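Overview (structure and organization)
Residue strings, one per chain:
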Amino acid sequence: MKARIHVTLKQGVLDPQGKAISHTLEALGFDGVEKVRQGKFIEIELTETDEKKAGEQVEQMCKKLLANMVIENYDYKLVS
Amino acid sequence: MKASVIVFPASNCDRDVAVALEAVSGKAPAMIWHGDKDVPDCDLIVLPGGFSYGDYLRSGALAAHSPVMRSVIERANAGVPVLGICNGFQVLAESGLLPGVLMRNAGLKFICKDVHLKVERNDTLFASAYKKGSTIKVPVAHHDGNFFADEDTLKMIEDENRVAFRYCNEKGQVSDASNINGSRNNIAGVYDKTGKILGMMPHPERMIAPELGGVEGLPLFRSILDRLH
């Protein structure tokens, strides 16, 4: 089973990298870019086959290491 | 004074801080490898500047879970003072020993220069040799030094008087103009609740001799020695 995890900055946390990307997109001529937020995508291959157990495992991984809960949120999908 | 300096893969200020500690105490600290499970009995633990584990994921995030950190956290909880400089500060924040987190500098650039700091407190074991409210000049060298905490945490830090140093100008004025990296409330260094754990982005160990540009980092190490002697 695979876990596909997105880690994103919480609302209200400034994202200077997102802002820089937004400026460059504008400079490239892309109109209509209102806001860019940069995050991380992490893919983990798990040996666990039970979806519920895998979900619990991934939750713990996110809370303990993959996301810093001071500034980041996470969400994930399990794919078999 | 028995000090332990934790050495992570890519620490690069570990020897600088060892020199500073030996300069004030006359005794070389023990250098403890990140893979060791135990920090020996000591009076002070230092997490030095540099990098750790490539600073993958987030600066300090992987180091915060290295084998040696369990022992560091245990000893810190038992009251052993801990000083984290630069990457060491990032590790302390990621390990939960200090509040907040160090984000990418607001200007996105690596900043390497001398900066001025306002000494907010001198009633701690790290700052007793400074004058409260004085301005000192020490270097910074970091990419991720932008201190962030949410409103509630920031209020707690301020209410509990836990700010150690703030970025200011040479006259000691704390303003947006002197905020080099976007840190909330210009925070350059912060204490834990007990005042025994200090994390700071600037490098006092690089300002301990006239040949290095000044001696304004030396009182920090003298303060520790005075209290722990």
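In the block above lies the structure referred to throughout.
Position labels on residues start from 1 in each chain and follow its written sequence. The lettering of chains begins at A and the numbering of ligands begins at 1, in the order of writing. Totals for whole chains, interfaces and linings use all residues, but because this is a predicted model, local features are given only for residues with pLDDT of at least 70 and pairs of side-chain atoms are given and counted only at 80 or more.

In this section: the overall build of chain B. Helices and strands together make up the secondary structure of chain B, namely five helices and eleven strands. Computation of the radius of gyration draws on C-alpha atoms alone. For the globule rule, the value is 2.2 Å times the number of residues to the power 0.38. The globule rule puts the C-alpha radius of gyration for 229 residues at 17 Å, and the 16 Å found for chain B is close to it. Projected onto its principal axes, the C-alpha positions of chain B cover 45 × 35 × 35 Å. With C-beta atoms placed from the backbone, a residue is buried if 20 or more other C-beta atoms are within 10 Å of its own, exposed if 12 or fewer are, and partly exposed between those counts. The buried share among the 229 residues of chain B stands at 52%. In chain B, once contacts between residues fewer than 6 apart in sequence are set aside, the share between residues at least 24 apart is 74%. Per the convention used, a helix needs a DSSP run of H or I reaching at least four residues, while a strand needs a run of E reaching at least two, with both numbered from the N terminus. A pair of residues counts as a contact when their C-beta atoms, built from backbone coordinates, are separated by no more than 7 Å.

Before going further, it helps to examine the pairing of strand β1 (residues 3-7) of chain B. Residues and elements named next belong to chain B. Counted residue by residue, β1 has five buried out of five residues, so it is predominantly covered. Taking every second residue as pointing to the same face, both faces of β1 are buried, with Ala3, Val5 and Val7 on one and Ser4 and Ile6 on the other. Across three bridges, the pairing between β1 and strand β3 (residues 44-47) is parallel. In the sheet register, Ala3 faces β3, and the bridge partner there is Leu44. Note: two strands are recorded as paired if DSSP finds a minimum of 2 bridges between them. Across four bridges, β1 lies against strand β2 (residues 30-33) in parallel orientation.

What follows covers the environment of B:Ala64. As for its position among the elements, B:Ala64 is in the loop between β3 and α2 (67-77). Sequence-distant contacts of B:Ala64, that is, excluding residues within four places in its chain, are made with B:Met69, B:Val91, B:Glu94 and B:Ser95.

With that settled, consider the sheet that holds strand β3 (residues 72-79) of chain A. Residues and elements named next belong to chain A. Taken in spatial order, the three strands line up as β2-β1-β3 in an open sheet, and their pairing is antiparallel. On the outer flanks of this sheet lie β2 (40-45) and β3, each paired with one strand and no other. The mean angle between the axes of side-by-side strands here comes to 20°, regardless of whether they run parallel or antiparallel. Pairing geometry for strand β1 (residues 2-9) and β2, over six bridges, is antiparallel. Axes here refer to lines fitted to C-alpha atoms; in helices the fit is confined to the stretch in contact. Angles between the N-to-C directions go from 0 to 180 degrees.

All names here are of chain A. The topology assignment puts Glu72 in strand β3. Overall, the presence of 19 C-beta atoms within 10 Å leaves Glu72 in the partly exposed class. Glu72 sits 63 residues away from Leu9 along the chain, and the two C-alpha atoms are 4.3 Å apart.

Here the focus is the sheet that holds strand β11 (residues 197-200) of chain B. Sheet strands pair via backbone hydrogen bonds, and the direction of the pair is either parallel or antiparallel. All names here are of chain B. Reading across the sheet, the nine strands line up as β2-β1-β3-β4-β11-β10-β9-β6-β7 and stay open at both edges, with mixed pairing between neighbours. For this open sheet the edge positions go to β2 and β7 (135-142), each flanked by a neighbour on one side alone. When strand polarity is set aside, the average angle formed by the axes of neighbouring strands in this sheet is 25°. Pairing geometry for strand β10 (residues 187-191) and β11, over three bridges, is antiparallel. What sits directly across from Val190, in β11, is Gly199. Where helix α1 (residues 14-25) meets the sheet, its contacts fall on β1, β2, β3 and β4 (82-85), and the angle it forms with β1 comes to roughly 170°.

Quick look at unusual backbone geometry now. Residues and elements named next belong to chain B. For Asp55, which is not a glycine, the phi torsion comes out positive at approximately 50°. The residue Asp55 is located in the loop between β3 and α2 in this model. Overall, Asp55 belongs to the partly exposed group, with 19 C-beta atoms counted inside 10 Å. One non-glycine residue, Leu108, lies in the positive phi region at around 65°. Examined against the element boundaries, Leu108 turns out to sit in the loop between β5 (101-103) and β6 (111-119). Note on Leu108: 14 C-beta atoms within 10 Å, which makes it partly exposed.

Contact with chain A, which involves eight residues of that partner, is made by 13 residues of chain B. Sort the elements by how many residues they give to the side of chain A that touches chain B and helix α1 (residues 16-27) of chain A lands first, with three residues. Here the side of chain A that touches chain B is composed, by residue class, of six nonpolar, two polar and no charged. Here the nonpolar group is Ala, Val, Leu, Ile, Met, Phe, Trp, Tyr, Cys and Pro; Asp, Glu, Lys and Arg are the charged ones; every other residue, Gly included, is treated as polar.

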